[in-house]
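Structural description and commentary
The lines below spell out each chain.
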Amino acid sequence: MRQKKTDFVDIILGIIMVIITIAAVYPLYYIYINSLSGGAYVGANEVILYPKGVTTYAYSLALQNSSIVRSFVNSVFYTVAGTLLSVILSAFCAYPLSRKEFYGRKIFTAIIMFTMFFNGGIIPLFLTITDLHLYNTIWAILLPSCISVYNVIVMRTFFQSISYELTESAYIDGANDWVVFGKIILPLSKPILATMILFYGVANWNSFYNALMFLNEKALYPLQLVLRTIVIEGSTTEMAYMASSEGSLSVPIDTKSIKYAVVAVTTLPMIIVYPFVFKYFEKGVMIGSVKG
């Protein structure tokens, strides 16, 4: 009787997980099938389960737009540079907080965690960026959000899980903190480093708020800000009109198709990168979150 009850519960949970999976995956699938469909079908909202009138012309038209290409390059730079800077600074911050012999580590931890719940707000941040002459520069994108306190705490917890006797023996052999950190801690921390790369990479790639506040030069815009302009202001109309006036339209095109294509291009890099770090992701998060 108990076995039947367990099987019934497993079936219910399985059905619930299938529903949740479909709800999570379908919006992304919907974007891609619409970006690959003919404009007439997209405009009539006839694309539901599979692409109709398959064409890649929306992608071609989107990638011919110089602002999209330039902003894509900018986003790649912001993501790579921002992620590298964030992981390095977070590791440098988390390591001393994980050492029992670090005097005052509880005080510093409390001060850092305080910033998770309280901050100056948008206006003081804007004034700070302006007074430091960072406005309308790449540093206005990289610096304000280069460290996440939550990620620092996760890294600190992971570092604490590394055997203390291992580092203590290195100190006895004459190693200093830099040697211990560089040759012992970091090589053993690949799971959490990969997890942080994923966290910071996705956050930097999807970020547009800092660019919206601190940039007014379009040459510095990231792809997300251009995407926001396209989706909200409907600037794809001009792209479709220019292609039509030049006689380059071989198939009917709808502005929605271009929007879907741009969104698809925006999400594709993270989809490609995720499988390479997934094997480290689960281990890094679990080890970094089990202990306090």
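Residues numbered from 1 in each chain as written. Predicted model: local features only at pLDDT ≥ 70, side-chain atom pairs only at ≥ 80, totals over all residues. Heavy atoms only, no water.

**A few points about the overall build of the chain**
Along its length, the chain carries 15 helices and zero strands. Burial analysis of the chain (292 residues in total) assigns 35% to the buried set. By sequence separation, contacts in the chain at least 24 residues apart represent 73% of the contacts at least 6 residues apart. Surface exposure of the chain reaches about 17,200 Å², of which carbon and sulfur atoms provide 70%. (Helix = DSSP H or I, 4+ residues; strand = E, 2+ residues; numbered from the N terminus. Buried < 20%, exposed > 50% of the residue type's maximum accessible area, 1.4 Å probe, protein only. Contact = heavy atoms within 4.5 Å. Areas by Shrake-Rupley, 256 points an atom, 1.4 Å probe, with all protein chains shown as cover.)

**Section: the nonpolar core**
Generally speaking, a soluble globular protein has its nonpolar side chains buried in company with each other. Judged by nonpolar contacts, the single largest core of 28 residues is most densely connected at Tyr59, Ile68, Tyr78, Leu215 and Val262. At the level of secondary structure, the elements contributing two or more residues to this core comprise helix H1 (2-35), helix H3 (57-63), helix H4 (66-98), helix H7 (139-142), helix H13 (223-233) and helix H15 (255-290). Considering each element in turn, this core owes the most residues, seven residues, to H15. Dropping the residues within four chain positions of it, Tyr59 is found in contact with Tyr32, Ser35, Leu36, Ala261, Ala264 and Val265. (Core = buried A, V, L, I, M, F, W, Y, C linked by side-chain atoms within 4.5 Å.)

**Looking at the packing of aromatic side chains**
Scanning all chains against the criterion turns up 14 aromatic pairs. Ring centres 4.9 Å apart and planes at 45° place the aromatic pair Tyr95 and Phe181 in the tilted group. In this pair, Tyr95 sits in helix H4 while Phe181 sits in helix H10 (residues 177-185), placing the two residues 86 residues apart along the sequence. Members of the aromatic cluster, joined through ring pairs, are Phe92, Tyr95, Phe159, Trp178 and Phe181. (Phe/Tyr/Trp six-rings, centres within 6.5 Å; stacked < 30°, edge-to-face > 60°.)

**Focus on helix H8 (residues 149-161)**
For H8, built from 13 residues, the straight-helix expectation of 18 Å at 1.5 Å per residue is met to within 8% by its first-to-last C-alpha distance of 19 Å. By the burial criterion, the buried members of H8 are Val149, Asn151, Val152, Ile153, Val154, Met155, Arg156, Thr157, Phe158 and Phe159. (Expected span 1.5 Å × (residues − 1).)

**Considering H10**
All of the buried residues along H10 are Val180, Phe181, Ile184 and Ile185. Down the axis of H10, the buried set is contained in an arc of 110°. They therefore lie on one face. For H10, exposure combined with an orientation more than 90 degrees from the buried face picks out Trp178 and Lys183. Looking at the buried positions of H10, the neighbouring elements they touch are H4, H8 and helix H9 (164-172). (Arc of directions from axis to C-beta.)

**Brief notes about the side chain of Ser98**
Residue position: Ser98 is located in helix H4. Relative accessible area serves as the criterion here: at 5%, Ser98 is assigned to the buried category. With residues near it in sequence (within four places) discarded, Ser98 still touches Arg105, Arg156, Phe159 and Gln160.

**Concerning the side chain of Thr83**
Positionally, Thr83 belongs in helix H4. Residues within four places of Thr83 in sequence aside, it is in contact with Tyr78, Ile197, Tyr200, Gly201 and Asn204.

**Description of the packing of helix H5 (residues 105-117) against H8**
Put simply, H5 and H8 touch, their axes get as near as 9 Å, and they point 145° apart. Two secondary-structure elements touch here, H5 through Arg105, Thr109, Ile112, Met113, Thr115 and Met116 and H8 through Val149, Tyr150, Ile153, Arg156 and Gln160. Tallied by class, the residues present in the contact of H5 with H8 amount to six nonpolar, three polar and two charged. (Axes fitted to C-alpha atoms, helices over the stretch in contact; angles between N-to-C directions. Nonpolar A, V, L, I, M, F, W, Y, C, P; charged D, E, K, R; others polar.)

**Some details on the confidence of the model for the chain**
Scored by pLDDT, the chain comes out at a mean of 79, with 84% of its residues at no less than 70. Taken together, the stretch residues 240-252 has pLDDT below 50 and engages in 17 contacts with residues farther than four places along the chain or on a different chain. (pLDDT = per-residue confidence, 0-100.)

**Considering unusual backbone geometry**
One non-glycine residue, His133, adopts positive backbone phi at about 60°. Relative to the helices and strands, His133 resides in the loop between helix H6 (122-131) and H7. Residue classification places His133 among the exposed residues on the basis of a relative accessible area of 68%. Positive phi outside glycine occurs at Asn136, with the angle close to 65°. Relative to the helices and strands, Asn136 is located in the loop between H6 and H7.

**Brief notes about a negative patch on the surface**
A cluster of acidic residues, Glu101, Glu165, Glu168 and Asp177, forms a negative patch on the protein surface. One can find Glu168 in helix H9. Using a relative accessible area of 38% as the deciding quantity, one classes Glu168 as partly exposed. (Patch = residues over 30% accessible without salt bridge, like charges linked within 9 Å, V, L, I, M, F, W, Y side chains within 5 Å. Salt bridge = Lys/Arg side-chain N within 4 Å of Asp/Glu carboxyl O. Lys, Arg positive; Asp, Glu negative; His and termini not counted. Charge placed at Lys NZ, Arg CZ, Asp CG, Glu CD.)

**Details of the packing of H4 against H5**
H5 packs onto H4 with a crossing angle of 140° between their chain directions and a minimal axis gap of 9 Å. By the angle class used here, H4 and H5 are oblique. Every pair of crossing elements has a handedness; the one defined by H4 and H5 is left-handed. Here Cys93, Pro96, Leu97 and Ser98 of H4 come into contact with H5, specifically with Arg105, Phe108, Thr109 and Ile112. In terms of residue class, the contact of H4 with H5 is built from five nonpolar, two polar and one charged. (Parallel < 35°, antiparallel > 145°, perpendicular 65-115°, else oblique. Left-handed = near helix turned anticlockwise from the far one by under 90°.)

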